[in-house]
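Geometric and topological summary
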Amino acid sequence: MASSLLLPSTPTNVNVVLDGLESLAARMTDLKKETLEKETAVLEAIIRRVTPLIPLLSKGQVHSCRCRIIIAHDRIEAPLDGGAYFYSESDLILYENGQLVRTHRYGDFRVSPGQGWEIFDEYPLDASTAIEAIGLDAIVTGIINAFEEAEETIILPIEVEARLIALSKILEGLQ
């Protein structure tokens, strides 16, 4: 970039180059901060719109549990002796109350008799921290994937109305 300024190397030339790099670094910091602020605003708006839909998107939930969608999932396994393995799992979850939570579950699993163990940690996150942790693109992709997976289970109002009409006709026929 400024290699011609460094020939011959003199303290003055080095200072000129460093002055340029300092201003560039400051500008990059400002741009990163501004980008994070805008991405945070976008994610907060997305969360506000998605949160009421989570009970529809949440699949396989026990009724006593909070509805949620898993936005990101990562699992690592490492084999141990005797068919056992160590595992580490991380999830980014959006609950039905709009709370983002990062979970970490890790332990060892044993097929044979023996003592296994598991630890589960949960860390609430705000939108900006979630973006810094995994990125807005990954979060949005996870939300879109949750919609695509739930598409088969979502019953549209037209389908419900048609089913109610059909059931009403069956009841009339039985009376």
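See the structure printed just above.
This write-up is about the structure you can find in this document. (Residues numbered from 1 in each chain as written. Predicted model: local features only at pLDDT ≥ 70, side-chain atom pairs only at ≥ 80, totals over all residues. Heavy atoms only, no water.)

Considerations on the overall build of the chain
Heads up, the rule is: In DSSP terms, a helix is any run of H or I states spanning at least four residues, a strand is any run of E spanning at least two, and both are numbered starting from the N terminus. Accessible area is worked out with a 1.4 Å probe on protein chains only. A residue is then buried under 20% of its type maximum, exposed over 50%, and partly exposed in between. The contact criterion used is simple: two residues touch if any of their non-hydrogen atoms lie within 4.5 Å. What sets the accessible areas is the Shrake-Rupley method with a 1.4 Å probe; for residues, cover comes only from the shown protein chains.
The secondary structure content of the chain amounts to five helices and four strands. Its helices and strands taken in sequence order, the chain reads α-α-β-β-β-β-α-α-α from the N to the C terminus. Counting every position in the chain, which comprises 175 residues, the buried fraction comes to 23%. The long-range fraction of contacts in the chain, counting pairs at least 24 apart against all pairs at least 6 apart in sequence, stands at 44%. In the form shown here, the chain has an accessible surface area of approximately 12500 Å², with 59% of it arising from carbon and sulfur atoms.

So, the packing of aromatic side chains
What counts, and what does not: Only rings of Phe, Tyr and Trp enter the pairing, Trp through its six-membered ring, and a pair is recorded when the two centres are within 6.5 Å. The plane angle decides the type: under 30 degrees is stacked, over 60 is edge-to-face, the rest tilted.
On inspection of all chains with the given rule, the structure shows four aromatic pairs. Seen in terms of ring centroids, F86 and W117 are 6.1 Å apart; in terms of plane orientation they differ by 45°. Their pairing is tilted. Separated by 31 residues along the polypeptide, F86 in strand β2 (residues 85–95) and W117 in strand β4 (residues 117–125) bring together distant segments of the chain. Take F86: its relative accessible area is 29%, and that puts it in the partly exposed class. Ring geometry for Y106 versus W117: centroids 6.1 Å apart, planes at 85°, classification edge-to-face.

What to know about the nonpolar core
Note the threshold: Among buried residues, those of type Ala, Val, Leu, Ile, Met, Phe, Trp, Tyr and Cys that are joined through side-chain atoms within 4.5 Å constitute a nonpolar core.
Counting residues in each nonpolar core, the largest one holds 20 residues, and the members touching the most others are L43, V50, I69, I71, L94, L100 and I139. In terms of residue count, helix α4 (residues 136–150) provides more of this core than any other element does, five residues in total.

Things to note about the pairing of β2
One face of the sheet, then the other: side chains in a regular strand alternate in exactly this way. As a reminder, the rule being used: Each pair of strands is called paired provided DSSP finds at least two bridges between the two strands.
Along β2, nine of the eleven residues are buried, which leaves the element largely enclosed by surrounding structure. Bridge count for strand β1 (residues 68–79) against β2 is eleven bridges, and the pairing is antiparallel. Opposite A72, over in β2, you have L92 as the bridge partner. Pairing between β2 and strand β3 (residues 100–109): ten bridges, direction antiparallel. Note that in β3 the partner of S88 across the bridge is Y106. Connecting the antiparallel pair β2 and β3 is a turn made up of four residues, with G98 showing a positive phi of about 85°.

Topic: the sheet that holds β2
Let me state the cut-off plainly: What counts as an axis is a line fitted to C-alpha atoms, over the stretch in contact for a helix, and the angles between N-to-C directions run from 0 to 180 degrees.
If you trace the four strands from one edge of the open sheet to the other, you get β1-β2-β3-β4, paired in antiparallel fashion. Each of the sheet's edge strands pairs with one partner strand only, and the pair in question is β1 and β4. The sheet shows a mean angle of 10° between the axes of neighbouring strands, direction not considered. Each of β1 and β2 touches α4; the most contacted strand, β1, lies at about 105° to it.

Considerations on the packing of helix α3 (residues 127–134) against α4
Applied cut-off: Convention used here: angles under 35 degrees read as roughly parallel, angles over 145 as roughly antiparallel, angles from 65 to 115 as roughly perpendicular, and any remaining angle as oblique. Think of it as three bins: nonpolar holds Ala, Val, Leu, Ile, Met, Phe, Trp, Tyr, Cys and Pro, charged holds Asp, Glu, Lys and Arg, and polar takes everything else, Gly as well.
Interhelical geometry of α3 versus α4 gives an angle of 100° and a closest axis separation of 7 Å. Considered as vectors, α3 and α4 are oriented roughly perpendicular to each other. Across the interface between the two elements, A130, I131 and I134 from α3 touch L136, A138 and I139 from α4. When the residues that make up the contact of α3 with α4 are grouped by side-chain class, the tally is six nonpolar, no polar and no charged.

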